[in-house]
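Summary of structural features
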Amino acid sequence: MGQQVYLLVGTRKGAFILESDAARRAWQVRGPFCETWPTNHVVADPASGTLYAGGGNEWFGPAVWKSTDRGATWSHSSCGLAYAAGQEPVKAVWSLAIGADGALYAGVEPAGLFRSTDGGETWTHLHGLQQHPTRAQWNPGGAGLILHSLLLDPADHKKIWVGISAAGVFASEDGGETWETRNRGTRADYMPEGQNYPEFGQCVHCLVMAPGGRRLYQQNHCGMYRSDDGGRSWESIEEGLPSSFGFPAAVHPRDPDGLYLVPLNGDIKGRFMPEGKAAVWRTRDGGSHWQARREGLPQGGAYFNVLRQALATDTLEPAGVYFGTNSGGLYASIDEGETWTCLAPHLPTITSVETLVMER
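A brief structural summary. As the structure is a computational prediction, the values presented were derived from the model and not from experiment.

A few points about the overall build of the protein chain
A count of helices and strands for the protein chain gives zero helices and 28 strands. Relative to the globule expectation of 21 Å for 360 residues, the C-alpha radius of gyration of the protein chain, 19 Å, shows essentially globular dimensions. Here the protein chain holds 360 residues, and 60% of them are scored as buried. Within the protein chain, residue pairs in contact and separated by at least 24 positions form 49% of the contacts whose partners lie at least 6 positions apart. Total accessible area on the protein chain is roughly 14500 Å²; 48% of this is exposed by carbon and sulfur atoms. Charge separation in the protein chain, taken as the distance between the mean sites of 29 positive and 38 negative side-chain charges, equals 3 Å.

Shown next, in the form of structure tokens:
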């Protein structure tokens, strides 16, 4: 039968799906889907192949779209995706994840977490996160107070990690009932001198889990970090990178020491590729050493950036690596970052990239 590879792409104007066989040399582009709603994250249930797309904004409202036929048809629901009367309304869904128990989770703006046990038809607010004692002091990042990173333990559905801009990393070990801060060792350079390592208030940009569920990596506004204890403590691994600033991170599908980043030139210098030369940076030893992978990427005039959820890997051998840019370019490597090809040059602004590999 063979394997089929899908790239699930969220954009400011709907979702797109790219499809190829396991060789990954010829791709079919389909879309836009979701009636061109602003789409922040598209994911797949690897067991069933069901697709989910989260998005919306203050004009459209929040919603999660669903397709059970690889994107041919879609439906959507926002039933229950709301806070209690009197609270600031939910503007959009920013992150989606499927738990070990089959439940679907959604991170939203303003930062909060919802859960669905019926495939996204109805949603329940997990109040524990908003009831955290630090909640009144959370401040929005430049794009708003967004729960953009959502990690679920692959073996224990009660263990959840979230990344919130600009409140930091929080974790729950009881299914979202109670939460604790997990920011020790991460900087907040914008804080007053002597207060650069607060309990919370860090501007985490992206949080990812290495295979096996033991290690976390974090791209922060103020550095790049690794945690080997579930986020209870963090170690800087930014030495050797061209910048401490960037948005996305993606792990190797089988090697917990493998990680990919796209550093930018800084937070106040334009937020684009350093010197206008595109590169994906790779480590194979947990961040002790870094290499820039450039072959096939533009080495002049590349004044784009890559948003926090727009870098991903697939599960094939060798692993594929993919990223999308804010100028609509979608790039792929089928040799773990050694060489690159542009798959689609002119999509709308790309907000997320995820992968799905299934038997035909």
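So, the packing of aromatic side chains
Each aromatic ring pair is summarised here by two numbers: the centre-to-centre distance and the angle between the ring planes. Scanning the entire structure with this criterion turns up 11 aromatic pairs. Ring geometry for F245 versus F247: centroids 5.3 Å apart, planes at 80°, classification edge-to-face.

Details of the sheet that holds strand β8 (residues 92–98)
An order of β8-β9-β10-β11 is seen for the four strands of this open sheet, with the pairing classed as antiparallel. A single partner strand is all that each edge strand has here, and the edge strands are β8 and β11 (124–125). Sheet analysis places β8 next to strand β9 (residues 104–109), joined by six bridges and oriented antiparallel. Note that in β9 the partner of L96 across the bridge is A106.

Concerning the side chain of T181
Structurally, T181 can be placed in strand β15 (residues 180–181). A relative accessible area of 17% places T181 in the buried class. A polar contact is formed between the side chain of T181 and the side chain of E199, at a distance of 3.2 Å. Ignoring anything within four residues of it in the chain, the contact list for T181 reads H132, V169, F170, E199 and F200.

Quick look at the nonpolar core
If you look at the biggest cluster of nonpolar residues, it comprises 32 residues, and the most contacted ones within it are V9, F323 and L330. Within the residue set of this core, elements represented by two or more residues are β1 (3–11), β2 (14–21), β21 (259–263), β24 (311–313), β25 (321–324), β26 (330–333) and β28 (350–359). In this structure, F323 is in contact with V280, L297, F304, V306, A310, L311, G329, L330, Y331, W340 and V353, ignoring residues within four places of it in sequence. Among the nonpolar cores identified, the runner-up in size contains 19 residues, and L147, L152, I160 and I164 belong to it.

Quick look at the side chain of H41
By the element assignment, H41 lies in strand β4 (residues 39–44). Polar contacts involving the side chain of H41 include one to the main-chain amide nitrogen of L96, which spans 3.0 Å. Side chain to side chain, H41 and Q309 meet in a polar contact 3.4 Å long. Non-local contacts of H41, meaning those with residues more than four positions away in its chain, are made with Y52, A53, G54, W94, S95, L96, Q309, S352 and E354.

With respect to the sheet that holds strand β3 (residues 28–33)
Each strand in a sheet pairs with another by means of backbone hydrogen bonds, the pair being arranged parallel or else antiparallel. What the four strands build is an open sheet, ordered β3-β2-β1-β28; its pairing is antiparallel. Every interior strand has two partners, whereas the edge strands, β3 and β28, have only one. Averaged over all pairs of adjacent strands, the angle between strand axes in this sheet comes to 20°, irrespective of strand direction. Where β1 and β28 come together, nine bridges link them in antiparallel fashion. Bridge pairing in β28 places G10 opposite S352.

Notes on unusual backbone geometry
Cis peptide bonds are those with omega within 30 degrees of zero, and the linkage from G31 to P32 qualifies with 0°. Along the chain, P32 falls in strand β3. For the bond from E109 to P110, the omega torsion is -10°, close enough to zero to count as cis. Mapped onto the secondary structure, P110 falls in the loop between β9 and β10 (112–116). Unlike most non-glycine residues, E275 shows phi in positive territory, near 60°. Inspection of the secondary structure puts E275 in the loop between β21 and β22 (280–283).

Quick look at the pattern of salt bridges
Going through the model one piece at a time under the given rule, you end up with 19 salt bridges. A salt bridge links R187 to E238, with the nearest nitrogen and oxygen atoms 3.4 Å apart. Residue R187 is located in the loop between β15 and β16 (204–209), and its partner E238 is located in the loop between β19 (235–236) and β20 (246–251); the two are separated by 51 residues in the primary sequence. Taking the relative accessible area as the measure of exposure, E238 reaches 18% and is therefore buried. Bridged by salt links that share partners, the residues R215, R226, D228, E235 and D257 form one connected network.

Looking at the pairing of β10
Among the five residues that make up β10, four are buried, leaving the element largely enclosed by the rest of the structure. Looking at chain direction, β9 and β10 are connected through five bridges and run antiparallel. Considered in β10, the bridge of V108 is made with G112. Connecting β9 to the antiparallel partner β10 that follows it, the hairpin turn spans two residues.

Analysis parameters
- Residues numbered from 1 in each chain as written.
- Predicted model: local features only at pLDDT ≥ 70, side-chain atom pairs only at ≥ 80, totals over all residues.
- Heavy atoms only, no water.
- Helix = DSSP H or I, 4+ residues; strand = E, 2+ residues; numbered from the N terminus.
- Rg over C-alpha atoms; globule rule 2.2 N^0.38 Å.
- Buried < 20%, exposed > 50% of the residue type's maximum accessible area, 1.4 Å probe, protein only.
- Contact = heavy atoms within 4.5 Å.
- Areas by Shrake-Rupley, 256 points an atom, 1.4 Å probe, with all protein chains shown as cover.
- Lys, Arg positive; Asp, Glu negative; His and termini not counted.
- Charge placed at Lys NZ, Arg CZ, Asp CG, Glu CD.
- Phe/Tyr/Trp six-rings, centres within 6.5 Å; stacked < 30°, edge-to-face > 60°.
- Pairing = 2+ DSSP bridges.
- Polar contact = N/O pair within 3.5 Å; in protein donor to acceptor, adjacent residues only side chain to side chain.
- Core = buried A, V, L, I, M, F, W, Y, C linked by side-chain atoms within 4.5 Å.
- Axes fitted to C-alpha atoms, helices over the stretch in contact; angles between N-to-C directions.
- Salt bridge = Lys/Arg side-chain N within 4 Å of Asp/Glu carboxyl O.

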